[in-house]
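Understanding the architecture of this molecule
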Amino acid sequence: MFIISAEVKLHYAATDVPRAFKIPGGSAGMWLICILAYLGVGITIIISFIPSIDIPNDKKLTYILFESIGTVIFFVIPLVIFKFKKNHGKKWS
């Protein structure tokens, strides 16, 4: 999700930087692809919370808690790294 957000930010913050690839359709194409990517990631996360039929009924809450905690941890780790990183990168000129 951070990569998708970075694409939108860089599209507007650094318009003159040469890219390795271009998304067809200009800004509209970029927004369409980013929205579809966000939907895909969101649907994948939601579906991951649906327990498999192989999991016994008394273990389904444990499964959902495990998935929830894992999702939060792996979403927060990049934010913590970014917060405590000394150099946040060069500013675009």
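Preceding block: the structure.
Read on for an overview of the structure. Just so you know, these numbers come straight off a predicted model, no measurement behind them. Throughout this document, residue positions are counted from 1 along each chain, in the order its sequence is written. Residues qualify for local features only when their pLDDT is at least 70, as the model is predicted, and side-chain atom pairs are given and counted only at 80 or more; totals for whole chains, interfaces and linings, by contrast, use all residues. Calculated side-chain values reflect all of the structure's heavy atoms, with hydrogen atoms and water omitted.

**Digging into the environment of I64**
Think of it this way: any DSSP run of H or I at least four residues long counts as a helix, any run of E at least two long counts as a strand, and we number them from the N terminus. Examined against the element boundaries, I64 turns out to sit in helix 3 (residues 60-84). Residue exposure (1.4 Å probe, protein chains only): buried if accessible area is under 20% of the type maximum, exposed if over 50%, otherwise partly exposed. Assessed through its relative accessible area of 32%, I64 is described here as partly exposed. Residues I64 and G25, 39 residues apart in the sequence, show an inter-C-alpha distance of 40 Å.

**Considering the packing of helix 1 (residues 2-13) against helix 2 (residues 26-48)**
Note on definitions: angles span 0 to 180 degrees between N-to-C directions of axes, and those axes are lines fitted to C-alpha atoms, for helices only across the stretch in contact. It is at 10 Å that the axes of helix 1 and helix 2 come closest, and there the two elements cross at 165°. Considering the angle they form, helix 1 stands roughly antiparallel to helix 2. Considering how the two elements wind past one another, helix 1 and helix 2 form a crossing that is left-handed. Seen from helix 1, the contacting residues are I4, S5, E7, V8, H11 and Y12; seen from helix 2, they are S27, M30, W31, C34, A37, Y38 and V41. Under this grouping Gly is polar, as are all residues other than the nonpolar Ala, Val, Leu, Ile, Met, Phe, Trp, Tyr, Cys and Pro and the charged Asp, Glu, Lys and Arg. Of the residues in the contact of helix 1 with helix 2, the class split is nine nonpolar, three polar and one charged. For classification purposes, angles smaller than 35 degrees are called roughly parallel, those larger than 145 roughly antiparallel, those between 65 and 115 roughly perpendicular, and all remaining angles oblique. Handedness of a helix crossing follows the sense of rotation of the near helix relative to the far helix, less than a right angle counterclockwise being left-handed and clockwise being right-handed. Should any heavy atoms of two residues lie within 4.5 Å, those residues are considered in contact.

**So, the packing of aromatic side chains**
Two rings belonging to Phe, Tyr or Trp (six-membered ring only in the last case) form a pair when the distance between their centres is within 6.5 Å. Interplanar angles under 30 degrees mark stacking, angles over 60 mark edge-to-face geometry, and anything in between is tilted. Per the counting criterion, the structure on display carries one aromatic pair. Ring centres of F2 and F75 lie 5.2 Å apart, and the angle between their planes is 25°; on these two criteria the pair is classed as stacked. Of this pair, F2 sits in helix 1 while F75 sits in helix 3, placing them 73 residues apart in sequence. On the basis of relative accessibility, which here comes to 36%, the residue F2 falls in the partly exposed class.

Read these as geometric descriptors, not functional statements.
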